[in-house]
Amino acid sequence: MSSSPPPLTGIRVLEFAGLAPGPFCGLLLSDYGATVLRLDRPIPNSTHTSTPPPPTPDLLTRRKSSICIDLKSPSALSLIKSLLPHVDVVIDPFRPGVLEKNGLSPSDVMLKINPRLVVGRMTGFRRDGKYKDMAGHDINYIAVSGVLSMLGRSHEKPFAPGNIVGDFAGGGAVCFMGIVLALFGRERTGKGQVVEANMVDGAAYLASMPRLSLDKPIWNQKRGTNTLDGGCPYYDTYETKDARFMAVGALEPQFFALLLKGLDVKPDSLPGPREDKRNWPWLKETFERTFKSKTRAEWEEIFDGTDACCTPVITQHELKEDVSFDQRPIVTLRDSPGFAITNGADQESDQAVKAAKGQGNGVEGEGWSTEGLSPSVGGEELLENWIGWKRGRGYELVNGGLVRQEGAKL
């Protein structure tokens, strides 16, 4: 059975180059069929030449192309405005006011040029309130969202969980969702709109369940002493004999019973009910001692295939070396899958697995590594494919950046 094209096929996206959340939003759009053109800063005497400059630090460039635009150049801004009628989505990763300062206000300029346009705007802090004019990073956004205060052991300070919760989950993924919702709404109304995402609200929304549980036994104690934040002995990680780790999530009684069986801990040896937090120190000490008695591989042999909810903590480096593990699109669409990341996905015989792996050819690096994208690579070809523009017919090259050709009817 052949698959339909990915659902965003035909959608054209302009992505202003930015930090991780904006490119991640563009990556999600491109993985599901959209064509993404990144707008990079020009490097005079380098970009748009036969020898492009080195790739930018942005690694989230899968299936994207680039042109270079100087936002300080009126003729370059004119080129952007001339592009707007031909695209569906613009991704704005800048701090509040940057586009407006450059004469590209989404509401007053962009949507008047193209009323069907969807403008995805992403900020760290909310666009209103005491932090709106401040710089920040993931750690700051999740700090004021209330999420950071919940992360960490009881005897330690809150810890930053990489930049996953704010930048990617609460930022890029939420903006992607907003853009898709706006495109869906456009099918009904015929009109585009401005989508505003920020990492404070995005992260806070992701924490809905813990927030709603603050007055419930599962999460009503201080950080690191609750059921799901490392306080509970049967929902925690444990070091093994070989300095690796196992993850335990045996919340339900029947799963807890299987965990005890695998650990060879007799139920009648417990000092009392497992739900009684007074017994948690005994359980935790017993589990710590027991897990250190065997290697991770030995524990895997015991727990694999059981319902004890006990699994190895596998590192990214291990997964990269594991031929059975492949990177896949974020969600499976059975009839119109996203594009494949791993090579050979189209050779899969099981239709369900084939859809999960994605369609088409994979990408170089197969989701584990990338050379990135150099400014100006592939963009001019894309402009010709989109609207028939070529250098000297629609635009010109000035100081490494593209500008609208004077007198051109675009």
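The text that follows walks through the structure, step by step, so that each part is easy to find. (Residues numbered from 1 in each chain as written. Predicted model: local features only at pLDDT ≥ 70, side-chain atom pairs only at ≥ 80, totals over all residues. Heavy atoms only, no water.)

### Let's talk about the overall build of the chain
Line of reasoning, step 1. Summing up its helical and strand segments, the chain has 14 helices and 12 strands in all.
Line of reasoning, step 2. Across its three principal axes, the chain shows a C-alpha extent of roughly 85 × 55 × 45 Å.
Line of reasoning, step 3. The burial tally for the chain puts 45% of its 410 residues in the buried class.
Line of reasoning, step 4. Counting contacts in the chain only where the partners sit at least 6 residues apart, residues at least 24 apart contribute 67% of the total.
Line of reasoning, step 5. Summed over its atoms, the accessible surface of the chain is roughly 21300 Å², and 54% of this surface lies on carbon and sulfur atoms. (Helix = DSSP H or I, 4+ residues; strand = E, 2+ residues; numbered from the N terminus. Buried < 20%, exposed > 50% of the residue type's maximum accessible area, 1.4 Å probe, protein only. Contact = heavy atoms within 4.5 Å. Areas by Shrake-Rupley, 256 points an atom, 1.4 Å probe, with all protein chains shown as cover.)

### Examining the sheet that holds strand 12 (residues 401-404)
Line of reasoning, step 1. Within the open sheet, the three strands sit side by side as 10-11-12. Their pairing is mixed. Every interior strand has two partners, whereas the edge strands, strand 10 (390-391) and strand 12, have only one.
Line of reasoning, step 2. With four bridges connecting them, strand 11 (residues 394-398) and strand 12 associate as antiparallel partners. Among the inter-strand pairings, Tyr395 is bridged to a residue of strand 12, identified as Arg404. (Pairing = 2+ DSSP bridges.)

### Some words on the pattern of salt bridges
Line of reasoning, step 1. Considering all chains together, one arrives at 26 salt bridges under this definition.
Line of reasoning, step 2. The residue Arg274 makes a salt bridge to Glu275 at a minimum N-O spacing of 3.4 Å.
Line of reasoning, step 3. Accessibility expressed as a relative area gives 8% for Arg274, which makes it buried.
Line of reasoning, step 4. Across the pair Lys390 and Glu384 runs a salt bridge whose closest N-O atoms are separated by 3.4 Å.
Line of reasoning, step 5. Classification of Glu384 as partly exposed rests on a relative accessible area of 37%.
Line of reasoning, step 6. Three or more residues joined by partner-sharing salt bridges are found here, namely Arg244, Arg296, Glu300 and Glu318. (Salt bridge = Lys/Arg side-chain N within 4 Å of Asp/Glu carboxyl O.)

### A short note on unusual backbone geometry
Line of reasoning, step 1. For Glu366, which is not glycine, the phi dihedral falls at a positive 50°.
Line of reasoning, step 2. With respect to the secondary-structure elements, Glu366 resides in the loop between helix 13 (351-357) and helix 14 (379-387).
Line of reasoning, step 3. With phi around 50°, Asn399 is a residue other than glycine that occupies positive phi space.
Line of reasoning, step 4. Mapped onto the fold, Asn399 is located in the loop between strand 11 and strand 12.
Line of reasoning, step 5. When its relative accessible area of 60% is taken as the criterion, Asn399 is described as exposed.

### Re the environment of Cys232
Line of reasoning, step 1. Position of Cys232 relative to the elements: it lies in the loop between helix 8 (208-212) and strand 7 (235-239).
Line of reasoning, step 2. Using a relative accessible area of 0% as the deciding quantity, one classes Cys232 as buried.
Line of reasoning, step 3. Setting aside residues no more than four positions away along its own chain, Cys232 makes contact with Asn226, Thr227, Trp280 and Lys284.

These values are about where atoms sit, not about what they do.
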